[in-house]
Amino acid sequence: MGQGRITRLGVWGLILWHFLASNKVTAIDHEGFCSTTTFAYSDALGKAILFFEGQRSGKLPESQRVKWRGNSALSDGKPENVNLIGGYYDAGDNVKFGWPMAYSVSLLSWAAVEYQREISSVNQLGYLRGAIRWGTDFILRAHTSPTILYTQVGDGNADHQCWERPEDMDTPRTLYRITSDSPGSEAAAESAAALAAASIVFKKVDSIYSSRLLNHSKSLFEFADKHRGSYQASCPFYCSYSGYQDELLWAAAWLYKASEDNKYLNYVLSNQGWSQVASEFSWDNKFAGAQMLLAKEFFGGNKQLSLFKIHVESFVCALMPGSSSVRIETTPGGLLYIRDSSNLQYVTSATMLLFLYSKTLNTAHINGLQCGSAHFSASQISAFAKSQVDYILGKNPMKMSYMAGFGSKFPLQIHHRGASIPSIGAHPAKVSCNDGYSSYYHSSNPNPNVHVGAIVGGPDSNDQFKDLRTDYSHAEPTTYMNAAFVGSVAPLLAQSEQEYLHFFQTNRQNY
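These numbers were taken from a predicted model, which means no experiment stands behind them.

What counts and what doesn't
Residues numbered from 1 in each chain as written. Predicted model: local features only at pLDDT ≥ 70, side-chain atom pairs only at ≥ 80, totals over all residues. Heavy atoms only, no water. Helix = DSSP H or I, 4+ residues; strand = E, 2+ residues; numbered from the N terminus. Expected span 1.5 Å × (residues − 1). Buried < 20%, exposed > 50% of the residue type's maximum accessible area, 1.4 Å probe, protein only. Contact = heavy atoms within 4.5 Å. Pairing = 2+ DSSP bridges. Axes fitted to C-alpha atoms, helices over the stretch in contact; angles between N-to-C directions. Salt bridge = Lys/Arg side-chain N within 4 Å of Asp/Glu carboxyl O. Disulfide = S-S within 2.5 Å. Core = buried A, V, L, I, M, F, W, Y, C linked by side-chain atoms within 4.5 Å. Polar contact = N/O pair within 3.5 Å; in protein donor to acceptor, adjacent residues only side chain to side chain. Phe/Tyr/Trp six-rings, centres within 6.5 Å; stacked < 30°, edge-to-face > 60°. Lys NZ or Arg CZ within 6 Å of the ring centre and 35° of its normal.

1. Description of helix H12 (residues 306–319)
The α-helix winds at 3.6 residues per turn, so residues separated by three or four positions along the chain end up facing the same way. With 14 residues, H12 should cover 20 Å at 1.5 Å per step; its first-to-last C-alpha distance of 20 Å lies within 8% of that length. For H12, the tally of buried residues reaches 10 of 14 residues, placing the bulk of the element in the interior. Where H12 is concerned, the buried positions are Phe308, Lys309, His311, Val312, Glu313, Phe315, Val316, Cys317, Ala318 and Leu319. The inward-facing, buried residues of H12 abut helix H9 (245–259), helix H10 (262–270), helix H11 (287–299), helix H13 (344–364), strand S6 (369–371) and helix H14 (378–393).

2. A look at the sheet that holds strand S4 (residues 148–153)
The strands making up a sheet associate through hydrogen bonds between their backbones, and the pairing can be parallel or antiparallel. If you trace the 3 strands from one edge of the open sheet to the other, you get S3-S4-S5, paired in antiparallel fashion. For this open sheet the edge positions go to strand S3 (96–97) and strand S5 (175–179), each flanked by a neighbour on one side alone. Inspection of the sheet shows S3 paired to S4 by 2 bridges, in the antiparallel sense. Across the sheet, Lys96 pairs through a bridge with Val153, a residue of S4. Against the sheet, helix H7 (residues 185–202) touches S4 and S5, its axis set at about 100 degrees to S4.

3. As for the pattern of salt bridges
Scanning the model with the defined rule gives 19 salt bridges in all. The residue Glu118 makes a salt bridge to Arg117 at a minimum N-O spacing of 3.9 Å. Residue classification places Arg117 among the exposed residues on the basis of a relative accessible area of 52%. Residue Asp390 is joined to Lys386 by a salt bridge in which the shortest nitrogen-to-oxygen separation is 2.7 Å.

4. Here's the deal with the state of the cysteines
In this structure the tally under the stated criterion is 3 disulfides. Paired through a disulfide, Cys235 and Cys239 show a sulfur-sulfur distance of 2.0 Å. Note on Cys239: relative accessible area 9%, which makes it buried. Linked covalently through their sulfurs, Cys317 and Cys371 form a disulfide whose S-S length is 2.0 Å.

5. Brief notes about unusual backbone geometry
With an omega dihedral of 5 degrees, the bond running from Cys235 to Pro236 counts as a cis peptide bond. Relative to the helices and strands, Pro236 is located in the loop between helix H8 (207–226) and H9. Positive phi values are uncommon outside glycine, yet Ala73 reaches one of about 50 degrees. Relative to the helices and strands, Ala73 is located in the loop between helix H2 (41–54) and S3.

6. Structural notes on the nonpolar core
Grouped together as the largest cluster of nonpolar side chains are 151 residues, with contacts concentrated most on Trp110, Ile132, Phe221, Phe281, Ile381, Tyr402 and Phe485. Residues in contact with Trp110, not counting those within four places in the same chain, are Trp250, Trp254, Phe281, Gly289, Met292, Leu293, Met352, Leu353 and Leu356. Listed in part, the 6 residues of the second largest apolar core include Trp163, Ile421, Tyr440 and Tyr441.

7. Section: the side chain of Glu280
Along the polypeptide, Glu280 turns up in the loop between H10 and H11. According to the relative accessible area criterion, Glu280 is buried, its value standing at 9%. Separated by 2.7 Å, the side chains of Glu280 and Ser282 make a polar contact. Here the side chain of Glu280 touches Arg339 through a polar contact of 2.8 Å, side chain to side chain.

8. Brief notes about the packing of aromatic side chains
Counting across every chain of the model gives 26 aromatic pairs. Pairing Trp99 with Tyr231 gives two aromatic rings, centres 6.0 Å apart and planes at 85 degrees, and the pair type is edge-to-face. On the criterion of sequence distance, the pair formed by Trp99 in helix H3 (residues 98–114) and Tyr231 in the loop between H8 and H9 is long-range, its members being 132 residues apart. Take Tyr231: its relative accessible area is 1%, and that puts it in the buried class. Pairwise contacts between aromatic rings join Phe97, Trp99, Tyr103, Trp110, Tyr231, Phe237, Tyr238, Trp250, Trp254, Phe281, Trp283 and Tyr480 into one cluster. Of note, Arg65 hangs over the ring of Tyr127, and the distance from its end group to the ring centre comes to 3.6 Å. The side chain of Arg133 reaches across the aromatic face of Phe202, ending 5.9 Å from its centre.

Given below as structure tokens:
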């Protein structure tokens, strides 16, 4: 009998070992039995990070894993004798927009800072650091002097008239920059935030690089603050609607976290009147992100920051189903729905903040959040956040994953130039601007290249999705959508490990 018990425990140990090795997650229901909803969160994380390799501009390294991409835009910056090679194409086009690129780097760095252990446990931390550095290297190159920052490479209007691979690109590589005479505080402050956050990521692994990032961050913040002006150079593609105060608070919060210099804390305290309750966290509006960072400082003992705590809690309350506060709507299938155009960008960023807020409550030993007459525990908040990740990965009315290459059913016609045209290796002949439209953009065939990890804009308000390349509002991926997803799926690695341990401990008593 004793031997039988040991043998059965050994079986459970093997099951647990297999989970820890593969991190394939099965939800555990209230009775301790495995439900039928299964997602490999570690696989989703790895693919979400891999996506960034498919968005790379410039000369690709030998370690490049996305083989259908090649070198591109190797002369960027040349008209003004600056090196602007590298960085990321922001979405399905071939333009490098510095403002959303920096926001993507900020989010990736935040995920790396908050979930380093979890990401490292599934061997993705090195890839994540590589994705961050590909972006920060470009920002450093773009910051050519204390009051000059290049903010865009490529003519957005001309680019959108063509459908061609980045490797074939022959549209104008027009350069846009901000200066003391032509400022753009949003772009400068976001770049400062990205470099400050990334400096924390690299502090223990490359201290010299980390110091360089922090020094440039301080310089960019001073530029953004002393030469205030709203950034409109990337309109109509990326227009500032929320102003630049949110980016200044966001950058100052990151600089305080990275440098521990009280002058940045004093800055946010002196300007806390700028803070306002947000209805989204996005490339344009950083208020909720700044408030989350500062609320964590509040719970850590700095009670002067209470206004930021109050404001981010109002945002959390608006997200939670059943809240008596003014609510952000959900689709019939349970997906947060903020606006129709690329809605999943807002879902992933909100989900990232929900997990961070839940983690902050647990760390501070706070029992939950009161939203009018409704009360939500930290576990309820993280459970709702998890439901958003699960929806994206396949638990939805369409029974499909909205991440290309994940699951058995996913979008096959994502709105992406490079993915929709055969690679240089498969089709060496140039595909011209108009040929791309006639032969590939309007084709009813699946993309020849699966852009693994790409999260598309997502379903409409009724949970419906038409897999059409021409429907850019729902079928186009973006770097910031994936960056926020990295910060949304990473916490589930730890959460699912705890569920399995509980499942193992509970069920082994029966053997």
